[in-house]
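A closer look at the structure
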Amino acid sequence: MSVGVLARGEAAKCKRADFDAAARPGAGDRTVAEAALAAIRYADPAAFTTATAVARAMAAKRDDVMPVRDRVGIIAISADGPVEAMAAMNQAAREGSSSPIRFPASNAGSLAGLSSIGFTLRGPTLMLTTPPARGVPAGLLVARAFLERGVADYMFLATCAVPATGAIARCFLLGRAGDPIGDADLAWLAVGSP
Amino acid sequence: MPASRPIALTGMAWVTPLGDSLDGVWRRLLACETGFVEVPHTVRLKNGLAAPCAWPPDGPADGRMRALGVSTLKRALADAGLTEIGDADVVIGTSLGAFLEGEPESAPLNRYADTIAEEVGAKRPPISVSTACSSGADAILVAAEMIRAGAAERVVCGGVDVLTTSKRLAHSILGTMSATTLRAFDVRHDGTLIGEGAGFMVLESVEAAAARARTPFGHLRGVGAANDAAGMTTPDAAGLGARYAMERSLADAGVAPSEIGVVNAHGSGTPLNDATEALALRDLFGAGASPIVFGTKGNFGHSLGATGAIEAIATVLALRNQNVPPVYGLEQPDPAMKLTVPARVPMSLRARYGMSVTLGFGGFDTSLLFEVPS
């Protein structure tokens, strides 16, 4: 069975408003899980950037993906993670305090989790903290296995790097069809890798 | 969907607050012992109890984490009859607690895993996983997929995490820390308490294990994952994510729910987790002959990124010994849970299949299904 790329998404330096704009299918529409997202008072910019890349990859296939969202998964890959929230938690700990808002956001898995919450995706979800150059092949292997076995109908494979200039994320929407995945595709996805 | 290929489990090791030998810790679990002690702290916590390991000694969190990982990984290899890591790959899960403590980190998040793999002589850099409290279980899931895909013949996989003031403080402020003690599935459950530890398994293709005439402990038969898609810290009240993860591991293994004899639940002791998990288990197994459900967080504390691997080992030991330890702190099982949970004394088991279930912040749900012939 062949697994291929159905769509791509890319984003940089995003905030909640960027994700919300990318996730809305049309003017006046609401994101699927607006209530759930409203309950998230804060998420790291890396998480919002990753989620925006996911939303942009989904845009062209939304009508196919959303009806089966219990069988849509995400694998996110980043060796940088939620840099801002982790630094804030580290600083707070050094001062003998903490934050119930920053703590959940400092979870590296929030880069995958935020997209799942935003679109109510209940497929298999993973977060690899391996650098994208070697994390992408591993993530693709697992995504391919989920698709080939029929555990998932669609898988998002997203990467995020956080250089000093701000978060950059790229994403493939994978399915049991689509364009074959070549070395150039893997290199494009391995954002931030030398 | 046809069942996936079984994976041979040929070695395992753990370091826990109750010790580091498989049989010794197992005896202490059956005796319902706990590792909770008052752990000194300089900040205001809801509860001073936590479950530290006796080794490594006090020191910076990153050094303790590395030492725990290296030591446990090497002992898992030895348990598998391997004197060195050879061509085996490494997959390590952690919740990265050490990153939130001490000097601010500028190193990439994979640094711990890379250092551990280098110190044990791995030939290739490791895969690192961070899915909060599901990290250890997800490391095992990734390893299984690598072997099934033919990308690896043998993988050492598991999780490691250390006790940090930052995580204890965060759980205090978040409201998830118990003010008393950890009592999963009890009417008085009021939260979790933090622990630390490491657990590693050596997984191999059945052919690789046979080629070196190694009789496996058992087999990893199925893996399943899902997301709650409900909130960053809040589980889905309907338990859908947890149920999907378990259903997917059953389908992967080609095993019926009625064949499952024991489930090592996440059992964090927070009222929300326990209720959600119980609902998912009831929905999946029905009210009839449900499996025995147990949990080890009252013994070990919640070791966060390590807990999924440690609990997978406990599941295999329950199947091997055909005995399920009582849940520490369980005195009055919550009747609303409607689960078969051993309290005070162990419960005997007659089954060859068991599941280990973990639920993590960010909505990560993971289920590992093991078969151990009796």
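Definitions and limits used
Residues numbered from 1 in each chain as written. Chains lettered and ligands numbered in written order. Predicted model: local features only at pLDDT ≥ 70, side-chain atom pairs only at ≥ 80, totals over all residues. Heavy atoms only, no water. Helix = DSSP H or I, 4+ residues; strand = E, 2+ residues; numbered from the N terminus. Rg over C-alpha atoms; globule rule 2.2 N^0.38 Å. Buried < 20%, exposed > 50% of the residue type's maximum accessible area, 1.4 Å probe, protein only. Contact = heavy atoms within 4.5 Å. Lys, Arg positive; Asp, Glu negative; His and termini not counted. Charge placed at Lys NZ, Arg CZ, Asp CG, Glu CD. Pairing = 2+ DSSP bridges. Buried area = accessible area lost by both parts, 1.4 Å probe. Salt bridge = Lys/Arg side-chain N within 4 Å of Asp/Glu carboxyl O. Polar contact = N/O pair within 3.5 Å; in protein donor to acceptor, adjacent residues only side chain to side chain. Nonpolar A, V, L, I, M, F, W, Y, C, P; charged D, E, K, R; others polar. Phe/Tyr/Trp six-rings, centres within 6.5 Å; stacked < 30°, edge-to-face > 60°. Lys NZ or Arg CZ within 6 Å of the ring centre and 35° of its normal. Expected span 1.5 Å × (residues − 1). pLDDT = per-residue confidence, 0-100. Domains from an automatic or database assignment.

**Side note on the overall build of chain A**
- Counting secondary structure elements, chain A contains nine helices and five strands.
- Relative to a compact globule of 194 residues, whose C-alpha radius of gyration would be 16 Å, chain A shows 16 Å and is just as compact.
- Its C-alpha atoms give chain A principal-axis dimensions of about 55 × 40 × 30 Å.
- Within chain A, the fraction of its 194 residues that count as buried is 60%.
- Across chain A, contacts joining residues at least 24 apart in sequence account for 76% of those joining residues at least 6 apart.
- Averaging the locations of the 20 positively and 17 negatively charged side chains of chain A gives two centres separated by 3 Å.

**Side note on the pairing of strand 1 (residues 7-15) of chain B**
All names here are of chain B.
- Burial within strand 1 is extensive, with nine of its nine residues counted as buried.
- Strand direction decides the pairing type here: strand 1 and strand 7 (residues 197-205), joined by eight bridges, are antiparallel. Across the sheet, residue Val15 finds its bridge partner in strand 7, namely Ala198.
- Inspection of the sheet shows strand 1 paired to strand 8 (residues 218-227) by three bridges, in the antiparallel sense. Opposite Ile7, over in strand 8, you have Leu220 as the bridge partner.

**Observations concerning the interface of chain B and chain A**
- Opposite the 55 residues of chain B that make contact, chain A presents 50 residues.
- Of all residues in chain B, Leu100(B), Leu109(B) and Met232(B) give up the largest surface area on contact with chain A, accounting jointly for 16% of the area buried on that side.
- Linking chain B with chain A are three salt bridges, by the criterion used here.
- Across the pair Asp114(B) and Arg134(A) runs a salt bridge whose closest N-O atoms are separated by 2.7 Å.
- The tally of links between chain B and chain A comes to 17 residue pairs in polar contact (both at pLDDT 80 or more).
- Among the secondary structure elements, those contributing two or more residues to the side of chain B that touches chain A are strand 5 (127-129), helix 4 (135-148), helix 5 (165-174), strand 8 and helix 7 (240-253) of chain B.
- Ranked by the residues each element gives to the side of chain B that touches chain A, the list is headed by helix 5 of chain B, at seven residues.
- Across the side of chain B that touches chain A, the residue classes tally to 32 nonpolar, 12 polar and 11 charged.

**Details of the packing of aromatic side chains**
- This structure, assessed with the given rule, holds five aromatic pairs over all chains.
- The interplanar angle of 70° and the centroid separation of 5.6 Å between the aromatic rings of Trp14(B) and Phe300(B) together place this pair among those described as edge-to-face. Linking Trp14(B) in strand 1 with Phe300(B) in helix 9 (residues 297-300), this pair joins segments that are 286 residues apart in sequence.
- Judged by relative accessible area, Phe300(B) falls into the buried class, the value being 2%.
- The aromatic ring of Trp188(A) is capped on one face by Arg8(A), whose charged end is 5.0 Å from the ring centroid.
- The lysine or arginine in question, Arg111(B), covers the ring of Tyr112(B), its NZ or CZ lying 5.1 Å from the ring centre.

**Section: helix 2 (residues 61-79) of chain B**
All names here are of chain B.
- Compared with an ideal rise of 1.5 Å per residue, which puts 19 residues at 27 Å, helix 2 spans 27 Å between its outermost C-alpha atoms and is within 8% of the ideal.
- Every buried residue of helix 2 is accounted for by Ala61, Arg64, Met65, Leu68, Gly69, Val70, Thr72, Leu73, Ala76 and Leu77.
- Of the surrounding secondary structure, the elements contacted by the buried residues of helix 2 are strand 1, strand 4 (89-93), helix 3 (111-119), strand 6 (154-161) and strand 7.
- Residue Gly81 follows helix 2 closely and has a positive phi angle near 80°.

**A look at the pairing of strand 5 (residues 168-175) of chain A**
All names here are of chain A.
- Of all eight residues in strand 5, six are buried, a share of seventy percent or more.
- With eight bridges connecting them, strand 1 (residues 4-12) and strand 5 associate as antiparallel partners. Across the sheet, residue Ala7 finds its bridge partner in strand 5, namely Leu173.
- Pairing geometry for strand 4 (residues 154-161) and strand 5, over eight bridges, is antiparallel. Across the sheet, residue Met155 finds its bridge partner in strand 5, namely Leu174.
- Here strand 4 folds back onto strand 5 in antiparallel fashion, the turn holding six residues, of which Gly166 has a positive phi close to 120°.

**What about the confidence of the model for chain B?**
- Per-residue pLDDT for chain B averages 96, and the proportion of residues at 70 or more is 99%.
- Among the scores for the predicted complex, ipTM is 0.97 and pTM is 0.98.

**Brief notes about the environment of Thr125(A)**
- Position of Thr125(A) relative to the elements: it lies in strand 3 (residues 125-128).
- Along the sequence, Thr125(A) and Phe156(A) sit 31 residues apart, while their C-alpha atoms lie 9.3 Å from each other.
- Once residues within four sequence positions are removed from consideration, Thr125(A) is found in contact with Ile74(A), Ala112(A), Ser116(A), Asp138(B), Ala225(B), Ala226(B), Asn227(B) and Phe364(B).
- Of the polar contacts made by the side chain of Thr125(A), one reaches the backbone oxygen of Gly123(A); its length is 3.1 Å.
- Within the structure, the side chain of Thr125(A) is placed 3.5 Å from the side chain of Asn227(B), a separation counted as a polar contact.

**Topic: the domain arrangement of chain B**
Residue and element names in this part refer to chain B.
- Splitting chain B by domain gives domain 1 (7-211) and domain 2 (220-371).
- Contacts between the two partners involve 67 residues from domain 1 and, on the opposite side, 66 residues from domain 2.
- Both sides together, the interface formed by domain 1 and domain 2 hides about 5100 Å², and carbon and sulfur atoms give 69% of it.
- Looking only at domain 1, the three residues that lose the most surface to domain 2 are Trp26, Cys133 and Phe185, adding up to 18% of its buried area.
- Across the contact surface, domain 1 and domain 2 share three salt bridges.
- Ionic pairing is found between Arg148 and Asp252, a salt bridge with its closest N-O pair at 2.9 Å.
- Run the count over domain 1 and domain 2 and you get 24 residue pairs in polar contact (both at pLDDT 80 or more).
- Listing elements by their share of the side of domain 1 that touches domain 2, those giving two or more residues are strand 1, helix 1 (22-30), helix 4, strand 6, helix 5 and strand 7.

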